[in-house]
Amino acid sequence: MNNHDLNRVEIANHVLLDGRLALFHTRRRWLAVADLHFGYELSQRTAGNLFPLWGMQTIQSRLEDLLRDYNPTHLVLLGDLVHDRSAAASLALLLRELRRQTRIVLIAGNHDRAMGKDFEMVPSWHSEGFCFHHGHCAIESTDEVQIIGHHHPAGVLRDGAGLRLKLPAFVQKKGCWILPAFSPWAAGTEWPEAESERVWLCSPTRILRIRPESAQSLAGQD
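First, a word on what this report is: a plain description of the structure on this page. Keep in mind that what you see is a predicted model, and the values were worked out from it rather than measured. Sequence order sets the numbering: in each chain, residues are counted from 1 along the sequence as written. For a predicted model such as this one, the threshold for reporting local features is a pLDDT of at least 70, and the threshold for listing and counting side-chain atom pairs is 80 or more; totals across whole chains, interfaces and linings nevertheless cover every residue. Side-chain numbers come from the whole structure's heavy atoms, not from hydrogens or water.

1. Regarding the side chain of His133
With respect to the element layout, His133 can be found in strand S8 (residues 130-133). Of the polar contacts made by the side chain of His133, one reaches the backbone nitrogen of Gly135; its length is 3.4 Å. Residue contacts follow a heavy-atom distance rule, with two residues in contact if any of their heavy atoms lie within 4.5 Å. Apart from the residues within four sequence positions on either side, His133 is in contact with Leu78, Ile107, Pro123, Ser124, Ile139, Gln146, Ile147, Ile148 and Gly149. Numbering goes from the N terminus for both helices and strands, where a helix is a DSSP run of H or I of at least four residues and a strand is a run of E of at least two. Any N or O atom pair separated by 3.5 Å or less is treated as a polar contact, with the protein-specific requirement of one donor-capable and one acceptor-capable atom, and with residues adjacent in sequence counted only for side-chain atom pairs.

2. Observations concerning helix H3 (residues 54-70)
Take the residue count of a helix, subtract one, and multiply by 1.5 Å to get its expected span. Relative to the 24 Å expected for 17 residues at 1.5 Å per residue, H3 spans 24 Å between its end C-alpha atoms, a close match to the ideal helical length. Exposure is judged per residue with a 1.4 Å probe applied to protein chains only, and the accessible area is read against the type maximum: over 50% gives exposed, under 20% gives buried, and values in between give partly exposed. Three or more residues of H3 are buried, namely Gly55, Met56, Ile59, Leu63, Leu66, Leu67 and Tyr70. Angularly, the buried residues of H3 cover 105° about the axis, an arc narrow enough to put them on a single face. The outward face of H3, more than 90 degrees from its buried face, is lined by the exposed residues Gln57 and Arg68. Where H3 terminates, the next one or two residues include Asn71, which has phi positive at roughly 50°. The arc in question is formed by the directions pointing from the helix axis toward the C-beta atoms.

Here it is, written out as structure tokens:
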């Protein structure tokens, strides 16, 4: 068994969850990630806080690794592309590099309002049975699986002796899937328990399911 056997799992027909915090559809060949908050460190420095700049570098390298591994036709960036306007120029450079490899769908999030018309963003994007949007506003979509970000879900593993490990989580509800934040600065919020949900903890080397599926199918489209 190699590392890819551990850090990828099919969570619905033709849909792979990658432990590097991404979803990939093997037939329609879209790759989706959420909540880059690109340039978070720039906003912190603007506010007078000394912050390392490695966050933007690791976001770019991780995206490039995913594009190389999956070769998608579309990269869907699910909102909160930046943390604030201070990262606009840096985001433009990132997008220019990524567009050499694939088409990019920019979905607007609540942190992107200050970007104005500098970037061509859309409120949602559809792909045969799936509706992508950021998740901060409700969208009527009764016959599609909604794929969103915004909530930064996380899960916690405890060993009973006081040790605690917190990891980004992918939440799979019936009709709505919630991606973890791609930003390395987003620690995430522990997701409350619900019997009707699957929760998957994600790391670059392994995915763990910590909550079982309900009797009603959560698996998405063919």
